[in-house]
Amino acid sequence: MERRWVGLDGYDVVGAVRAGRQVLRVRRHGRVVADCVSVAEVARHVELADLCEVVELAARRAGPRKIAEARISSRHR
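Residues numbered from 1 in each chain as written. Predicted model: local features only at pLDDT ≥ 70, side-chain atom pairs only at ≥ 80, totals over all residues. Heavy atoms only, no water.

## Overview of the pairing of strand β4 (residues 31-36)
Summarising the sheet, strand β3 (residues 21-28) and β4 pair through five bridges and their orientation is antiparallel. For Arg-28, the partnering residue across the bridge sits in β4 and is Arg-31. (Pairing = 2+ DSSP bridges. Helix = DSSP H or I, 4+ residues; strand = E, 2+ residues; numbered from the N terminus.)

Structure below.
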């Protein structure tokens, strides 16, 4: 899973590889603004304090009881 940060005014920052080197890619509304080699360079384009990391939550697995209930309810349709 890739790490991603979003900010105000449509900015987002993602890790990328450019010419074999890891960079932080700054985009605005999906268009590349800059490929930065340091956080200080990212700060020239976007206010760091406004960035929030996007965290994907894992899907919750249904327990045995929920699975049995789903099977019973599907038989009665």
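## A few points about the pattern of salt bridges
A complete count under the given rule lists five salt bridges for this structure. Between Asp-12 and Arg-27 there is a salt bridge; the shortest N-O distance is 2.9 Å. Taken as a pair, Asp-12 in strand β2 (residues 11-18) and Arg-27 in strand β3 lie far apart in primary sequence, 15 residues in all. Among the residues examined, Arg-27 registers a relative accessible area of 24% and is labelled partly exposed. (Salt bridge = Lys/Arg side-chain N within 4 Å of Asp/Glu carboxyl O. Buried < 20%, exposed > 50% of the residue type's maximum accessible area, 1.4 Å probe, protein only.)

## Examining the sheet that holds strand β5 (residues 52-54)
With antiparallel pairing, five strands are arranged side by side in an open sheet as β4-β3-β2-β1-β5. Each of the sheet's edge strands pairs with one partner strand only, and the pair in question is β4 and β5. Direction aside, neighbouring strands of the sheet carry axes that sit 35° apart on average. (Axes fitted to C-alpha atoms, helices over the stretch in contact; angles between N-to-C directions.)

## A closer look at the nonpolar core
Counting residues in hydrophobic clusters, the biggest one holds eight residues: Tyr-11, Val-13, Val-26, Ala-34, Cys-36, Val-42, Val-46 and Leu-51. At the level of elements, β2 and β4 are the ones that each hand at least two residues to this core. (Core = buried A, V, L, I, M, F, W, Y, C linked by side-chain atoms within 4.5 Å.)

## Quick notes on the confidence of the model for the protein chain
Looking at the protein chain as a whole, its pLDDT mean stands at 85, while 75% of the residues score no less than 70. Across the protein chain, element-level confidence peaks in helix α1 (residues 39-43) with a mean pLDDT of 97 and bottoms out in helix α2 (residues 64-75) with 61. (pLDDT = per-residue confidence, 0-100.)

## Thoughts on the side chain of Asp-35
Within the fold, Asp-35 resides in strand β4. Every residue in contact with Asp-35, bar those within four places of it in the chain, is listed here: Arg-18, Val-23, Leu-24, Arg-25 and Glu-41. (Contact = heavy atoms within 4.5 Å.)

## Concerning the environment of Gln-22
Assignment of secondary structure puts Gln-22 in strand β3. For the pair Gln-22 and Cys-36, spaced 14 residues apart in the sequence, the C-alpha separation amounts to 9.0 Å.

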